[in-house]
Amino acid sequence: MHTLWLVIQREFVSNVLTSRFMIGLIVCLLSTAVAVFVQVDDYEKRLAGYNAAVREAEAEAQEWNLYYNIKPRTHRKPNPLGIFNVGAENFGANTVTIELAKPVFELSFPIMGEPAQKRGSDNSFLSMFLSIDVVFIFKIILSALAILFAFNTISGEREDGTLKLVLSNAIPRDIIVLGKYLGGMLSLFPIVLISLIVALVIALSSRVTAFDGNDISHIVLIFAVSLLYVSTWYLLGLLLSIWTKSPATTLILSMVIWVMLTIVHSNMATIVVEKFPPYQSKPEAEFVRSAGDVWDQFRKERDTYIKRRGYENLQDSIFWEPGADSERTNRFVTFFSYGMHNLHLLEGYIIRDVDKADTSIFQEILGYQEPLRIAYADKVEEVLNKPAEVRERNAKFADALSRISFADVYHFAIGAIAGTDRQSYNNFIQDSRVYKRKIVEYLKDKEAFTSRAWFSNDQGAPDLTYLPVFQYRRLSLSESLSRVYIDILILLAWNVVLFMAAYVSFLRYDLG
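Because the structure is predicted, anything quoted here is derived from the model rather than measured.

**So, a nonpolar patch on the surface**
A cluster of nonpolar side chains, contributed by Phe 189, Leu 193, Ile 197 and Val 201, occupies part of the molecular surface with about 320 Å² of accessible area. Mapped onto the secondary structure, Val 201 falls in helix α7 (residues 173-204).

**Quick notes on the side chain of Thr 232**
Along the chain, Thr 232 falls in helix α8 (residues 213-243). A polar contact of 2.8 Å, which involves the side chain of Thr 232, links it to the side chain of Asn 495. Excluding anything up to four places from it in sequence, Thr 232 contacts Phe 406, Leu 491, Trp 494, Asn 495 and Leu 498.

**Brief notes about the nonpolar core**
The tendency in soluble globular proteins is for nonpolar side chains to be buried as a group. In terms of nonpolar packing, the biggest core is built from 75 residues, with Phe 84, Val 225, Trp 233 and Phe 506 touching the most fellow members. Listed by contribution, the elements that provide at least two residues to this core are α2 (19-61), α4 (134-150), α6 (162-167), α7, α8, α9 (247-275), α14 (406-418) and α16 (477-507). In terms of residue count, α8 provides more of this core than any other element does, 17 residues in total. Counting residues in each nonpolar core, the second largest holds 41 residues, with Val 96, Ile 98, Ala 116 and Tyr 311 among its members.

**Concerning α14**
Residue pairs spaced three or four apart in an α-helix point in one direction, given the helix's 3.6 residues per turn. If you check α14, its first and last C-alpha atoms are 18 Å apart, about what 13 residues at 1.5 Å a residue would give, namely 18 Å. Within α14, twelve of the 13 residues are buried, which leaves the element mostly enclosed by the surrounding structure. For α14, every residue scored as buried is listed here: Phe 406, Ala 407, Asp 408, Val 409, Tyr 410, Phe 412, Ala 413, Ile 414, Gly 415, Ala 416, Ile 417 and Ala 418. The backbone nitrogen of Ala 407 has a side-chain oxygen 3.2 Å away, supplied by the residue at the start of α14, namely Ser 405.

**Quick notes on unusual backbone geometry**
Apart from glycine, the bulk of residues carry a negative phi angle, and the bulk of peptide bonds sit in the trans form. The phi dihedral of Asp 353 is positive, around 55°, even though this residue is not glycine. Inspection of the secondary structure assignment puts Asp 353 in the loop between β6 (345-351) and β7 (357-358). For Asp 353, a relative accessible area of 23% corresponds to the partly exposed category. With a phi angle near 50°, Glu 447 is a residue other than glycine that sits in the positive phi range. By the element assignment, Glu 447 lies in the loop between α15 (422-445) and α16.

**A word on the pattern of salt bridges**
Pairs may arise between side chains of opposite charge once their charged atoms sit close together. Using the criterion set out here, one finds 24 salt bridges in the structure. Of the charged contacts in the structure, one is a salt bridge between Arg 373 and Glu 347, with a shortest N-O distance of 2.8 Å. Placement of Arg 373 in helix α12 (residues 360-384) and of Glu 347 in strand β6 is noted, with a sequence separation of 26 residues between them. Pair check on accessibility: Arg 373 and Glu 347 agree, each one buried. Here Arg 422 makes a salt bridge to Glu 392, at a shortest N to O gap of 3.1 Å.

**What to know about the packing of α14 against α16**
Between α14 and α16, the least distance of the axes is 9 Å, while the angle of their chain directions is 160°. Compared by their axis directions, α14 and α16 come out roughly antiparallel. For α14 against α16, the interelement crossing comes out left-handed. Here α14 contributes Phe 406, Val 409, Tyr 410, Phe 412, Ala 413, Ala 416 and Ile 417 to the contact with α16, which in turn contributes Ser 480, Arg 483, Val 484, Asp 487, Ile 490, Leu 491 and Trp 494. The residue makeup of the contact of α14 with α16, split by class, is eleven nonpolar, one polar and two charged.

**Points about the packing of helix α10 (residues 284-308) against α12**
How two helices sit against one another is set out by the angle between their axes and by the gap between those axes. Closest axis-to-axis distance for the α10/α12 pair is 9 Å, and the angle between their directions is 165°. On the basis of their axis angle, the class for α10 and α12 is roughly antiparallel. The handedness of the crossing between α10 and α12 comes out as right-handed. Within the contact between the two elements, α10 uses Phe 287, Val 288, Ser 290, Ala 291, Val 294, Trp 295, Gln 297, Phe 298, Glu 301, Arg 302, Tyr 305 and Ile 306 and α12 uses Glu 364, Ile 365, Tyr 368, Gln 369, Leu 372, Arg 373, Tyr 376, Ala 377, Lys 379, Val 380, Val 383 and Leu 384. When grouped by side-chain class, the residues that make up the contact of α10 with α12 number 16 nonpolar, three polar and five charged.

**Some words on the packing of aromatic side chains**
Enumeration over the complete set of coordinates arrives at 20 aromatic pairs. Centroid distance Phe 21 to Phe 149: 6.4 Å. Interplanar angle 45°. Geometry classified as tilted. One end of the pair, Phe 21, is in helix α2; the other, Phe 149, is in helix α4, and 128 residues separate them in sequence. The pair Phe 21 / Phe 149 is uniform in exposure class, with both members buried. Ring centres of Tyr 435 and Phe 470 lie 5.6 Å apart, and the angle between their planes is 70°; on these two criteria the pair is classed as edge-to-face. On the criterion of sequence distance, the pair formed by Tyr 435 in helix α15 and Phe 470 in the loop between α15 and α16 is long-range, its members being 35 residues apart. Of the aromatic side chains, those joined through ring pairs into one cluster are Phe 428, Tyr 435, Phe 470 and Tyr 472. Seen from the ring of Phe 287, Lys 282 lies directly overhead, with NZ or CZ sitting 4.9 Å from the centre. Here the basic side chain of Arg 393 rests over the ring of Tyr 279, its NZ or CZ set 4.0 Å away from the ring centre.

Procedures and definitions
- Residues numbered from 1 in each chain as written.
- Predicted model: local features only at pLDDT ≥ 70, side-chain atom pairs only at ≥ 80, totals over all residues.
- Heavy atoms only, no water.
- Patch = residues over 30% accessible without salt bridge, like charges linked within 9 Å, V, L, I, M, F, W, Y side chains within 5 Å.
- Areas by Shrake-Rupley, 256 points an atom, 1.4 Å probe, with all protein chains shown as cover.
- Salt bridge = Lys/Arg side-chain N within 4 Å of Asp/Glu carboxyl O.
- Helix = DSSP H or I, 4+ residues; strand = E, 2+ residues; numbered from the N terminus.
- Polar contact = N/O pair within 3.5 Å; in protein donor to acceptor, adjacent residues only side chain to side chain.
- Contact = heavy atoms within 4.5 Å.
- Core = buried A, V, L, I, M, F, W, Y, C linked by side-chain atoms within 4.5 Å.
- Buried < 20%, exposed > 50% of the residue type's maximum accessible area, 1.4 Å probe, protein only.
- Expected span 1.5 Å × (residues − 1).
- Axes fitted to C-alpha atoms, helices over the stretch in contact; angles between N-to-C directions.
- Parallel < 35°, antiparallel > 145°, perpendicular 65-115°, else oblique.
- Left-handed = near helix turned anticlockwise from the far one by under 90°.
- Nonpolar A, V, L, I, M, F, W, Y, C, P; charged D, E, K, R; others polar.
- Phe/Tyr/Trp six-rings, centres within 6.5 Å; stacked < 30°, edge-to-face > 60°.
- Lys NZ or Arg CZ within 6 Å of the ring centre and 35° of its normal.

The following block contains the structure:
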């Protein structure tokens, strides 16, 4: 154990006293600080937009004087951990408008009436700039720094004759490998820790940034996984240092692999899948037409029911008191709201002189018609979500290809831990659909569809006292671990494989 500590101490001191340690520390701190300043500013703007959107939605809710008018919105609250890993925070919709007869969907092209809306700028250059965050800095700079610390651990000492001198002291080779690994990681540890502390201090300096206990536990996990990632690169550099004869060769080979794994591979995987997607989908225009066909089926079924009840249309089902002043043709007005290409079908009613009208049959028909409309909206939603499902399957395939690189494994792991990955965004959209179903169940419990308050408040306003409120859900630490454990195991497996390869290779190392 004493010998091991001497090797660790020697490796640590030799790394810390070099210029690369100070340069690496300064570069990492400065780049981290700049990235955090940018992300904090972006977070403040997104949070301000979120708060403004919530206040606007609350003001609109005060104007709901009919059950028909209910149109709540779900809002994706900015994630403070996005300061460390922005991920999908600037991707996709921030708000989903819930309307009973409107499906919750997303198409790849903007369309009028789409329920999912995005707040903020769509500037692609700005989005690219904002993607530089702490994790991006760690992924690129810390991995390069680990390579620079490890490339001459064996080949460098072999070249200057130090290694032969060390081995002449009868120090076991396994002790040397383990000591060099632990000493190298011990010298990288303060760079990772100080960089993360600086990021945390800058983030907390904002007047709107606050981290709760759950956030702190996630940050600790991000730190641990970052160390595991740096360890992977250090072990790779150590292995290449054993395999090559000169440090120059080690450095060149290491940097080629670094460029391939951190920059080229993931982009190539994404481009290849985009050009040659394994899962094909019909053009979205065909799904739009299919959605229109579903609404045609709704109209036929609705009209059939009305005629079976003995009426040609809804207007005929309303009976008026004798002597009403209004002209018959002006007493009842139906207004429609069509999305482009009939993606949704909203329908409302204005009844003049409603106090002189017997609407009992009309309400009965609405009690059949509106739940039917909602059911058909769900069918339309299934149709319109198919392109997004295919895109998601292709994206997951690209992710699987990208996981060949442990740099991308690290990227996916941190995104899942921070709750800023694509799956977290998909969860928000899915939670919005679940919230819509809760609204529907609430209205059914209130018998709102057969209520006069659906179309008129002359006999009382609708009861919205316990209307469900959307709560944006953040993952607990255990939930995050259940999503990220495979990526962590992959990084652990890489560490074990690389360490064992370095260990076996050094046992057979020939100084000649």
